[in-house]
Amino acid sequence: MTRVVVADDQALVRTGFRMILDETGDIEVVGEAGDGLDALAVIARTAPDVVLMDVRMPGIDGIEATRRLRAAAGPGRPPHVIILTTFDLDEYVYAGLRAGAAGFLLKDTLAADLVGAIRAVANGQNVAAPTVTRRLIRHFVDGSPTVRNEAAAAALTARERDVLLLVAQGMSNLEIAHRLVVTEGTVKTHVSRLLAKLGLRDRIHAVIYAHQNGLV
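Small disclaimer: the values here were computed from a predicted structure and weren't measured.

Helices and strands together make up the secondary structure of the chain, namely 11 helices and 6 strands. Carbon and sulfur atoms provide 52% of the accessible area of the chain, an area that totals close to 10,500 Å².

In structure tokens, the structure reads:
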């Protein structure tokens, strides 16, 4: 079971997330919090694997709570934090990732994508909404020199290269599956293999790699 804490100042939102996650069978909501300070206390008490952290909360916001959470962990491993917000703003994206968040999703994310994101970060991956991924590309790639690594790219199969190009466009696994007319599970397999071949940590780094190497 993946243990989750939901931190959001709106009780209705917390209830909605709990209902979605309770249906999965492999994710358990072990605590809820309505503000940043309460979130830190609940996390300390329940030791979750993943925290769904709202950005705008009373007291301290979700980004500061994430920063304090990582600082308090010291050499230990803090829970993975997914920043959730209705506000798709650059300042939240960059601040959240700098604070140590493992992902950034909008609250209008589909239930299946939310569940998938929790499972992904619990396994050490990073996740980001497609619109966020596109802006991260511009932030990290614009103005940087092209660095070609043709040998590594040549190791990819034709299908893995197709998947890499679609990932680089900011598409989700489900969107890629629809585009290529395959299952989402098949896309996940291709993504895992291409990351391993290219020596990349996660799909965000795959996006940056594709752009920096002139593949997109």
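Orientation of helix 9 (residues 173–180) relative to helix 10 (residues 184–198), taken along the N-to-C sense of each, is 110 degrees, at an axis distance of 8 Å. As judged from the angle between their axes, helix 9 and helix 10 are roughly perpendicular. Residues N173, L174, I176 and A177 of helix 9 form the contact with helix 10, whose own contacting residues are E184, V187, K188 and V191. By residue class, the composition of the contact of helix 9 with helix 10 is 5 nonpolar, 1 polar and 2 charged.

This paragraph deals with the nonpolar core. Counting 25 residues, the largest nonpolar core has M53 and I83 as its most contacted members. Where this core is concerned, the elements lending two or more residues are strand 1 (2–7), helix 2 (36–46), strand 3 (50–54), helix 3 (62–73), strand 4 (80–85), helix 4 (90–98) and strand 5 (103–106). Ignoring anything within four residues of it in the chain, the contact list for I83 reads M53, V55, G62, T66, G96, A101, G103, F104 and L105. Membership of the second largest hydrophobic core comes to 23 residues, among which are I176, L194, L195 and L198.

This part covers the UniProt feature "modified residue: 4-aspartylphosphate" (unreviewed entry) in the chain. Per the UniProt annotation, the sites labelled "modified residue: 4-aspartylphosphate" (unreviewed entry) are D54. With respect to the helices, strands and loops of the structure, D54 is situated in strand 3. Not counting the four nearest positions on each side in its chain, D54 is found in contact with A7, D8, D9, G62, L84, T85 and K107.

Within a sheet, adjacent strands bond to each other through the backbone by hydrogen bonds, running parallel or antiparallel. Strand order in the open sheet formed by 6 strands is 2-1-3-4-5-6, and the pairing between neighbours is parallel. Looking at the sheet topology across the chains shown, the edges are occupied by strand 2 (27–33) and strand 6 (127–128). Alignment of strand 1 against strand 2, held across 6 bridges, turns out to be parallel. Across the sheet, R3 pairs through a bridge with E28, a residue of strand 2.

Glancing now at the packing of helix 8 (residues 158–168) against helix 9. The interhelical angle for the contact between helix 8 and helix 9, taken along N-to-C directions, is 130 degrees, at an axis separation of 10 Å. The angle between the axes of helix 8 and helix 9 places the two elements in the oblique class. Read as a crossing pair, helix 8 and helix 9 show a hand that is right-handed. Seen from helix 8, the contacting residues are R159, V163, L166 and V167; seen from helix 9, they are I176, R179 and L180. Grouping the amino acids of the contact of helix 8 with helix 9 by side-chain chemistry returns 5 nonpolar, no polar and 2 charged.

Conventions adopted
The numbering scheme is per chain: residues are counted from 1 as the chain's sequence reads. Residue-level local features of this predicted model are given only where pLDDT is at least 70; pairs of side-chain atoms are given and counted only at 80 or more, and the full residue set underlies all totals for whole chains, interfaces and linings. Side-chain numbers come from the whole structure's heavy atoms, not from hydrogens or water. Strands here mean DSSP runs of E at least two residues long; helices mean DSSP runs of H or I at least four residues long; both are numbered from the N terminus. The method behind every accessible area is Shrake-Rupley, applied with a 1.4 Å probe, and residues are considered shielded solely by the protein chains displayed. Here the axes come from fitting lines to C-alpha atoms, over the contacting stretch only for helices, and the angles between their N-to-C directions go from 0 to 180 degrees. Throughout this description, any angle smaller than 35 degrees is read as roughly parallel, any larger than 145 degrees as roughly antiparallel, any in the 65 to 115 degree range as roughly perpendicular, and the remainder as oblique. We call two residues in contact when some of their heavy atoms are within 4.5 Å. Each residue gets one of three labels, nonpolar for Ala, Val, Leu, Ile, Met, Phe, Trp, Tyr, Cys and Pro, charged for Asp, Glu, Lys and Arg, and polar for the others, Gly among them. What makes a nonpolar core is a set of buried Ala, Val, Leu, Ile, Met, Phe, Trp, Tyr and Cys residues whose side-chain atoms join them at distances within 4.5 Å. A 1.4 Å probe rolled over the protein chains alone gives each residue an accessible area, and that area as a share of the maximum for its type sets the label: buried under 20%, exposed over 50%, partly exposed in between. UniProt positions are given in the numbering used here, feature names are shortened, and annotations may be inferred rather than shown by experiment. Only when DSSP finds a minimum of two bridges between them are two strands counted as paired. Two helices that cross are described as forming a left-handed crossing if the nearer one is turned anticlockwise from the farther one by less than a right angle, and a right-handed crossing if clockwise.

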